[in-house]
Amino acid sequence: MDKQAVVVLFGGRSSEHSISSATAGGVLRAIDRDRFDVIPVGITREGAFVLEDDDPDKFPLDAAHLPEVVDNGTRVQWPEPGGIRTLRVVRPGGEAHDLGEIDVVLPLLHGPHGEDGTLQGFFDTLEVPYAGGGVLDSALCMDKHFMKVALQAAGIAVAPWVTVRRREWDAAPEDVRASAAELGLPVFVKPARAGSSVGVSKVENAADLDDALAIAFAEDDKVLIETGVVGREIEVAILEGAEGPRASVPGEIVLTSRGFYDFEGKYLGGDGVDVVCPAELDGDQVAAIQAAGVRAFEAVDGRGLARVDMFLTTENGIVVNELNTMPGFTPISMFPKCWIASGLSYRELISELIDAGLRR
């Protein structure tokens, strides 16, 4: 059987550049080389597409040295729409080389300019197949405000919130403080369009709200203030198969000393948080969580994959917190852990994602 050419695309212009690069390191190490020829393409922090080294060790998950895509002077040229899908690279000296015809792109990008529908629209325009979310679900889930609106419209419970624009905060801070007070304490303050808990603060004292808003506004000019939900933090992984979406066994975020599941806890193995999969749940709870995950995925017109984060309250109520259309694939990430616990290996998971992209 002829191998299929897969572009593994990573890096990007967002604050999650290094996490994307570390994810790529894991994928490059695990992808089925008997089935796929791999072309690694990095996006620098400035937005240049460069031909990268096919070397997993170059992109480790290391708290002391987070990996990144450095501009090596190459420039990747994408194929024209409607023609042969030949990828080209221009070397620093100006000479151009064909890299061959590509079958599919596997985007491993987090945050703006990668996970928000812009890159997906780019590949739709080029008529190049790609794995993962499409334009609509990527854009919806990147913006936590509109994601909540879509979930609410489908009858799915979400945490109460208010959305604040920077101009509103600048013009009438007392009004914003009053709206936040109605939500009670604690509240979470989050940038609307950032991921991986970047810029997120837990506010347990009203006097700390201003500082939390400053941190969030440094990431985005639209911010959510959200009621803290009391419950177990449950996550379920969704994959779109040929027969429709299916859910993994649920996992749980267990906080032992950390205030919430922040960037360090998610990616750098920080103390105070345990990622447990499968979670200790009874059969009815598992079925309800899996059904809620699939419903949420369908509510945002999900494609490819998503991780659905939710709270399980003491009354067995389910409150969906958010969907992540490109969850991390690092060794300690919940998404691969849940599929491995469900009987799907890391390598098989990557193959399923690619196959879903090829089916389109």
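Above this text is the structure in question.
Predicted model only: the values in this text are computed from it and were never measured.

The rules behind these values
- Residues numbered from 1 in each chain as written.
- Predicted model: local features only at pLDDT ≥ 70, side-chain atom pairs only at ≥ 80, totals over all residues.
- Heavy atoms only, no water.
- Helix = DSSP H or I, 4+ residues; strand = E, 2+ residues; numbered from the N terminus.
- Buried < 20%, exposed > 50% of the residue type's maximum accessible area, 1.4 Å probe, protein only.
- Lys, Arg positive; Asp, Glu negative; His and termini not counted.
- Salt bridge = Lys/Arg side-chain N within 4 Å of Asp/Glu carboxyl O.
- Polar contact = N/O pair within 3.5 Å; in protein donor to acceptor, adjacent residues only side chain to side chain.
- Contact = heavy atoms within 4.5 Å.
- Pairing = 2+ DSSP bridges.
- Axes fitted to C-alpha atoms, helices over the stretch in contact; angles between N-to-C directions.
- Expected span 1.5 Å × (residues − 1).
- Right-handed = clockwise from strand over helix to strand, strands pointing away.
- 1 Å grid on protein atoms, 1.4 Å probe; cavity = no way out; pocket = protein on both sides within 12 Å on 5 of 7 lines; lining within 4 Å.
- Points joined across faces, edges and corners; volume = space filled by probe spheres on them.
- Nonpolar A, V, L, I, M, F, W, Y, C, P; charged D, E, K, R; others polar.

1. Examining the side chain of Asp137
Piece 1. Relative to the helices and strands, Asp137 is located in helix α3 (residues 135-142).
Piece 2. Buried within the structure, Asp137 lacks any salt-bridge partner; its nearest side chain of opposite charge belongs to Arg303, at an N-O separation of 5.6 Å.
Piece 3. At 2.7 Å, the side chain of Asp137 and the backbone nitrogen of Gly134 are in polar contact.
Piece 4. Sequence-distant contacts of Asp137, that is, excluding residues within four places in its chain, are made with Val300, Asp301, Gly302, Arg303 and Thr325.

2. Observations regarding unusual backbone geometry
Piece 1. A cis amide bond links Leu185 with the next residue in sequence, Pro186, at an omega value of 0°.
Piece 2. With respect to the secondary-structure elements, Pro186 resides in the loop between α6 (173-182) and β9 (187-191).
Piece 3. Omega for the peptide link from Cys277 to Pro278 comes to 5°, which places this bond in the cis form.
Piece 4. Mapping Pro278 onto the fold places it in the loop between β15 (273-276) and α9 (283-299).
Piece 5. In this structure, His113 is a non-glycine residue whose phi angle is positive, near 65°.
Piece 6. Looking at the secondary structure, you find His113 in the loop between β7 (104-107) and α2 (118-126).
Piece 7. Owing to a relative accessible area of 36%, His113 belongs among the partly exposed residues under this scheme.
Piece 8. Despite not being glycine, Glu127 shows a phi value in the positive range, around 60°.
Piece 9. Residue position: Glu127 is located in the loop between α2 and α3.

3. Some points on the sheet that holds strand β6 (residues 96-101)
Piece 1. Across the sheet, three strands lie side by side as β4-β5-β6; this open sheet has antiparallel pairing. Among the strands making up the open sheet, the edge pair consists of β4 (75-77) and β6. Across this sheet, the average inter-strand angle for adjacent strands is 25°, counted without regard to direction.
Piece 2. As defined by bridge partners, strand β5 (residues 86-90) adjoins β6 across five bridges and the pair is classed as antiparallel. The residue bridging Arg88 from the neighbouring strand is Asp98, located in β6.

4. Thoughts on α9
Piece 1. End to end, α9 covers 24 Å across 17 residues, agreeing with the expected 24 Å (1.5 Å per residue, within 8%).
Piece 2. For α9, the set of buried residues is Gln285, Ile289, Ala292, Gly293, Val294, Ala296 and Phe297.
Piece 3. Of the residues that open α9, the one with a side-chain oxygen 3.1 Å from the backbone nitrogen of Asp284 is Asp282.
Piece 4. The first or second residue beyond α9 is Asp301, which carries a positive phi of 60°.

5. Description of the pairing of strand β2 (residues 36-43)
Piece 1. Within β2, seven of the eight residues are buried, which leaves the element mostly enclosed by the surrounding structure.
Piece 2. Between strand β1 (residues 4-11) and its parallel partner β2, the chain crosses via helix α1 (residues 17-30), and the hand of that crossover is right-handed.
Piece 3. In the sheet, β2 pairs with strand β3 (residues 49-51) via three bridges, with the strands oriented antiparallel. Counterpart to Gly42 in the pairing with β3 is Val50.

6. Some points on empty space enclosed by the protein
Piece 1. Counted by the stated rule, this structure contains two cavities of 30 Å³ or more.
Piece 2. As a volume, the second largest cavity reaches approximately 70 Å³.
Piece 3. For the second largest cavity, the full set of lining residues is Pro107, Leu108, Leu109, Gly114, Glu115, Gln120, Ala131, Gly132, Gly133, Ser138, Thr325 and Met326.
Piece 4. In the lining of the second largest cavity, the residues fall into five nonpolar, six polar and one charged.

7. A closer look at the sheet that holds β1
Piece 1. Read across the sheet, four strands follow the order β3-β2-β1-β7 without closing on themselves; strand pairing throughout is mixed. Every interior strand has two partners, whereas the edge strands, β3 and β7, have only one. Between one strand axis and the next, the sheet turns by 35° as a mean value, whatever way the strands run.
Piece 2. By the bridge criterion, four bridges tie β1 to β7 in an arrangement that is parallel. By the bridge assignment for β7, Leu9 is matched with Pro107.
Piece 3. The sheet contacts of α1 involve β1, β2 and β7, and relative to β1 the element is tilted by about 150°.
Piece 4. Sitting on the sheet, helix α11 (residues 346-359) touches β1, β2 and β7, and the angle it makes with β7 is about 130°.

8. A short note on the environment of Ala24
Piece 1. As for its position among the elements, Ala24 is in helix α1.
Piece 2. Residue class for Ala24 comes out buried when judged on its relative accessible area of 0%.
Piece 3. For Ala24 and Lys58, which are 34 residues apart along the polypeptide, the C-alpha to C-alpha distance reads 9.9 Å.
Piece 4. The residues touching Ala24, leaving out its near neighbours within four places in the chain, are Phe10 and Leu108.

9. Let's talk about the pattern of salt bridges
Piece 1. Enumeration according to the criterion identifies 21 salt bridges in this entry.
Piece 2. When the shortest N-O distance is used, the salt bridge between Lys3 and Asp37 registers 3.9 Å. Residue Lys3 is located in the segment before β1, and its partner Asp37 is located in strand β2; the two are separated by 34 residues in the primary sequence.
Piece 3. Across the pair Arg177 and Asp210 runs a salt bridge whose closest N-O atoms are separated by 2.7 Å. Taken together, the residues span a long stretch of sequence, with Arg177 in helix α6 and Asp210 in helix α7 (residues 209-217) at a distance of 33 residues.
Piece 4. Take Arg177: its relative accessible area is 27%, and that puts it in the partly exposed class.

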